[in-house]
Every structure is written in C-alpha cells, then in structure tokens.
Amino acid sequence: MSAEEHPPSNPLIPKQSRTPYHISGKPEKQDLVDEYKGKNLDALRTPALIIDRAVFARNCAKMHEHAKAVGARFRAHVKSHKTPEGTRLQLLSNADETHSIVVSTVMEVCEVFRAGLMADGTVKDVLYGLPMAPNKIADLSALTDELSAVGASMRILIDHPDQVKVIEAWESTKANHRRWSVFVKVDCGSQYLAPVCTEQIRSRRAGLKPDTPAFAHLLSAVLSSSSIALYGFYTHAGHSYASTSFAEAANFLLDEVNAVNDAATLALSMIAKSPGMHHPREPFVLSVGATPTAHAATEELKNRVESGLNGVLELHAGNYPLLDLQQLNTGLITHRDIAQRVLATVISYYPGRGEDGSDEAMCDAGALAMSKDTGPRAGYGDVIGKPWRLSRVAQEHGILTMMSPASFELGPLQGDGALKLGDMVQIVGQHACLTLAGYPWYYVVDSDVSDGNVVVDVWVPWKGW
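In this report, the structure presented in the accompanying data block is examined. (Residues numbered from 1 in each chain as written. Predicted model: local features only at pLDDT ≥ 70, side-chain atom pairs only at ≥ 80, totals over all residues. Heavy atoms only, no water.)

**Re the sheet that holds strand 2 (residues 73–77)**
Part 1: Strand order in this closed barrel of 8 strands is 2-3-4-5-6-7-8-9, and the pairing throughout is parallel. Here the strands of the sheet are splayed against their neighbours by 30° on average, with no regard to which way each runs.
Part 2: Note: strand 7 (residues 228–234) against strand 8 (residues 285–288), 3 bridges, orientation parallel. By the bridge assignment for strand 8, phenylalanine 233 is matched with leucine 286.
Part 3: On the sheet, helix 5 (residues 137–149) packs against strand 4 (125–131), strand 5 (153–158) and strand 6 (180–185) and is oriented at approximately 150° with respect to strand 5.
Part 4: Seen against the sheet, helix 6 (residues 161–171) touches strand 4, strand 5, strand 6 and strand 7 and runs at an angle of roughly 135° to strand 5. (Pairing = 2+ DSSP bridges. Helix = DSSP H or I, 4+ residues; strand = E, 2+ residues; numbered from the N terminus. Axes fitted to C-alpha atoms, helices over the stretch in contact; angles between N-to-C directions. Contact = heavy atoms within 4.5 Å.)

**What about the packing of aromatic side chains?**
Part 1: Taken as a whole, this structure holds 9 aromatic pairs when the rule is applied.
Part 2: A ring pair is formed by tyrosine 36 and tryptophan 441, whose centres lie 6.4 Å apart and whose planes are at 35°; its orientation type is tilted. Residue tyrosine 36 is located in helix 1 (residues 29–36), and its partner tryptophan 441 is located in the loop between helix 13 (432–436) and strand 16 (442–445); the two are separated by 405 residues in the primary sequence.
Part 3: Ring geometry for phenylalanine 56 and tryptophan 459: centres 5.4 Å apart, planes at 85°, overall edge-to-face. Within this pair, whereas phenylalanine 56 is found in helix 2 (residues 53–69), its partner tryptophan 459 is found in strand 17 (residues 457–459), the two being separated by 403 residues in sequence.
Part 4: Here a set of aromatic residues connected by ring pairs shows up, and it is made of Tyr36, Trp441 and Tyr443.
Part 5: It is arginine 155 that lies over the ring of tyrosine 231; its NZ or CZ is 3.5 Å from the centre.
Part 6: Its guanidinium or amino end placed over the ring of tryptophan 180, arginine 178 lies 5.6 Å from that ring's centre, counting from NZ or CZ. (Phe/Tyr/Trp six-rings, centres within 6.5 Å; stacked < 30°, edge-to-face > 60°. Lys NZ or Arg CZ within 6 Å of the ring centre and 35° of its normal.)

**A few points about the pairing of strand 1 (residues 48–52)**
Part 1: Most of strand 1 is tucked away: 5 of the 5 residues are buried.
Part 2: Alternating positions in strand 1 separate into two faces, Ala48, Ile50 and Asp52 on one and Leu49 and Ile51 on the other, with burial throughout.
Part 3: As defined by bridge partners, strand 1 adjoins strand 10 (residues 340–350) across 4 bridges and the pair is classed as antiparallel. Residue leucine 49 lies in a different strand from strand 10, and its bridge partner there is valine 342.
Part 4: Relative to strand 16, strand 1 runs parallel, the two sharing 3 bridges. Each bridged residue has a counterpart across the sheet, and for isoleucine 51 the counterpart in strand 16 is valine 444. (Buried < 20%, exposed > 50% of the residue type's maximum accessible area, 1.4 Å probe, protein only.)

**Observations regarding the nonpolar core**
Part 1: Membership of the largest hydrophobic core comes to 107 residues, with the highest contact counts inside it found for Val126, Trp180, Val222, Leu230, Phe233, Leu315 and Leu400.
Part 2: Top element by residues in this core is helix 8 (residues 246–273). It accounts for 12 residues.
Part 3: Beyond its immediate stretch of four places on either side in the chain, leucine 230 contacts Val182, Val184, Leu219, Val222, Leu223 and Phe284.
Part 4: Tyr36, Ala48, Leu343 and Val455 belong to the second-largest nonpolar core, a separate cluster that totals 13 residues. (Core = buried A, V, L, I, M, F, W, Y, C linked by side-chain atoms within 4.5 Å.)

**Let's talk about the packing of helix 5 against helix 6**
Between two packed helices, what matters for the description is the angle formed by their axes and the separation of those axes.
Part 1: Running from N to C, helix 5 and helix 6 cross one another at 65°; their axes reach a closest spacing of 11 Å. By the angle between their directions, the pair helix 5 and helix 6 is classed as roughly perpendicular. As helix 5 runs across helix 6, the sense of the crossing is right-handed. Of the residues in helix 6, those in contact with Ile137, Ala138 and Ser141 of helix 5 are Val166, Ile167 and Trp170.
Part 2: Within the contact of helix 5 with helix 6, the residues separate by chemical class into 5 nonpolar, 1 polar and no charged. (Parallel < 35°, antiparallel > 145°, perpendicular 65-115°, else oblique. Left-handed = near helix turned anticlockwise from the far one by under 90°. Nonpolar A, V, L, I, M, F, W, Y, C, P; charged D, E, K, R; others polar.)

**So, the environment of lysine 372**
Part 1: Secondary-structure assignment places lysine 372 in the loop between helix 12 (367–370) and strand 12 (381–383).
Part 2: Distance in space between the C-alpha atoms of lysine 372 and histidine 279 is 47 Å, their sequence separation being 93 residues.
Part 3: Residue contacts for lysine 372: discarding those within four places in its chain leaves Ala367, Tyr380 and Val393.

**Digging into unusual backbone geometry**
Part 1: The step from threonine 46 to proline 47 runs through a cis peptide bond, and the omega angle for that step is 0°.
Part 2: Take proline 47: it is sitting in the loop between helix 1 and strand 1.
Part 3: Note the cis peptide between glycine 411 and proline 412, where omega equals 5°.
Part 4: With respect to the secondary-structure elements, proline 412 resides in the loop between strand 14 (398–402) and strand 15 (424–429).
Part 5: Its identity as a non-glycine residue notwithstanding, lysine 82 has a phi of 55°, on the positive side.
Part 6: Its place among the elements puts lysine 82 in the loop between strand 2 and helix 3 (84–91).
Part 7: Although it is not a glycine, serine 371 adopts a positive phi angle of roughly 80°.
Part 8: Tracing the backbone through its elements, the reader meets serine 371 in the loop between helix 12 and strand 12.

**Concerning the side chain of threonine 105**
Part 1: The topology assignment puts threonine 105 in the loop between strand 3 (100–103) and helix 4 (106–114).
Part 2: For threonine 105, the side chain forms a polar contact with the main-chain nitrogen of glutamate 108, separated by 3.0 Å.
Part 3: Residues within four places of threonine 105 in sequence aside, it is in contact with Lys82, Tyr128, Gly464 and Trp465. (Polar contact = N/O pair within 3.5 Å; in protein donor to acceptor, adjacent residues only side chain to side chain.)

This is the structure:
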C-alpha cells in the first residue's frame, strides 16, 4: 500500500480506501448494441428504461440557452444518467458548449476520467458536489493529480470548519503542498425562501446560512488556510421543486442568487479587514441552480440577477435532460419535453376491483423499476397515451388504476384508452434520477430519426460510489 492510501497516523485522517473503478463490473456496451440496435420496443424484455436522444439533446440545448439568457456560465450535473454519452450531450449542444460538470460520487469522477472525457477536452472542470468525507481524501487527492495531468481542474465542497482541518492535516503529510479549490456551500432554504414557499417545503440539505455566526466562522477558517483556495459559493434550491409557475421558480432563482452573493459580499469584507487572509486571484464563482430555477433563467431576469453581483454567475442543474412528473408539475415544461420513460407489460387485469368500481391492472414495473419517490400529483407514475396511473407498487410489480379525464396529461389518447393482458405501456415516473438508478442499461431511441420506437443505441450507466 502507498502512503497515499495509508498516511501517517493523524486523528483527523481515518483509514483510506480507493474507489474500485477498475473492478466495477458493467455490461459491455458493444455487446448490448449488437444485441438490441434496430429492434422495436415491443421486442424488449420489460421493465426497460427508454431515453429519447432527440428530446434529451433538445433539453440540453434549451438549458444552454437559459444560461446565456441570464448571462451565466453553465455547469452540468451528470448524476441523473451517469453516462459518457449523456455527459457529452449536456456539454456540447447545438446552442452552446461548456466544459464544467458536477458529480455526486467519486465513482463518477473516476468513470468520467476513464471514458476519456477529460483527455479529449470535453470535461475540464469537475466539482464533487457533496461535503468531502475524511475517508475519501486520499482518493480525491489522487484524482486531483490525475485530472491536473490532462489539464482539468478538481473542486470540492465545504460547509464545516472541521473539513478545513482535515484538509490541512492531510496536506501536512505531503512534501508538495497543494491548495484545494473549494466551493463553500450556502443554505438558501430558509432566510431566502420565496414568498410562495410554505413550511412543508422548506428544505434542509448541505450548507449554512450566510448571515449566521457559524458561516462567518467557516469562512474565516477557509480564508485563513494555506491549504485552501476559495473558488466560489454554491447553492441549490431543492425546495424549488414545489414551484407551480414561472413566477414562483423565478423567485426561488433570485433567492439562490441573493444567498451566494451575500456570502461573497461577506468574504470580500472579511478579506478587506484582515490582511492575513488570502485574496482571490479571480472573481468568486457564484453557482446557483436546480432544474426549476434554471428553467426560469431568462433575459428578462438578467438585469435583476446581475445587479450588484460580487462574482461571476454560474448556473447548474441535473434533472433537465430527462425530466419527469415532478418537473411537469412545476408548469415549466410540457409532457413533450420528457425524454425518459419505463416500458412495462400488463401481466394481469382486475375488472371492477377499484374502490369506485373501476378496473385495475397489474404491470411488471414496481418499486425497483420506478422508485418510491412521490410528488405533488398522486401515484408513482402516469401512462403515456392511456388514462392510467401507477397508484401502488411492490418490489417487482405495480398496480395501474384508471384516471379521470381531467387528470390525464400525457396525451394524445391512444385508441379508447383501455388496457388488456399483454399490453405494453410506457410510464413516466415521478423522479427520473432515482428511476434510472435501478437499470443496468438504457435503451436509446431517437424521435428525429424514426418514430421513436426503434433502439438506436444503448447507454451503460456508471454504478457505485
């Protein structure tokens, strides 16, 4: 074992392990392409995850347009699909290009590197989007070196002063001292709540409010450390998923901007008053976004967003290429923008079994195929072209119930809307990110090439942490 994996004894540095990407087994993409390319969807084993590449690409281009409209850089979160193909589409669209990503796991960094996305210049800037666990510092240190060798930058997230101590303890063991590039995570979920936000949707994730003594203490530790270079401030309005209109989402976006800008203002004030603190070489990056707030980034908001910024604005989002029922409920997209769905088969039928005497059906997509995430609308998913909803799920099966015509949005209606044993249905779930996590590969269709019912590619996602 190298010293990198087992550093000298230090109470702040636990035993280290490396991400086993070299032995993380995945299906071979070419074998899957050879097996499935050219097949109609009705020839696939269900449940199956389907992605429409044309819609996915259009959504990526639209997001680039949103970032340009509001005068921001863009950083793409790749956690929803975890594939090299999807990452390329997120970064290089027909509207613009960017080279910055966010990841949620160390495995994703390893796989982006292994896929050659850094070596060919597609990815040049990576943010590990969770506060760093002390037992992963060796891995992230080694990855920082590997990325640097191909001209890419690695950044991490900090929201507690003890994380600064861990980094300093790690660097004290090194002959060549590094300054880690960090974003400080800012909480925009309470003080900065938009007026429409209710107590039930106040979110608490990572980060600290910038008007608190705890945040000032954290910032002082970051700015005083010789092992850290403060790159910027990062926030995510997860509670913006409760938006039901453009106006609500726009208010949440302004809340995000105000939160990170307040943090940057405090940092500049502290630097000005304390000569020993490190001055930034470049303006702070103010990174804001969630899929609903990013959809509200428009030219009309640009003047309100840019006014008085103490840094460079960056927009980030992750769900937007795929979309789902949660996003449909925001009112910011239509069902035609949703790029993913689950293909399932009706395996039984129960006339009159519903509470109101309506029919029910069973399909072979359950909790593992759809996830148990819910949203403002009822159930776990809605059927495309049929007024049916996935209302109950067990591990490997789900119960479809009939919907009222007023609730049906995934039109146009196919035939008379009835179901029978053996029918294949396409279900849009509540939350694409968790739905996709259940599948070893995705069947890719392209509605710009055909009617969207023929497999044109297969994407194999990265698995593990």
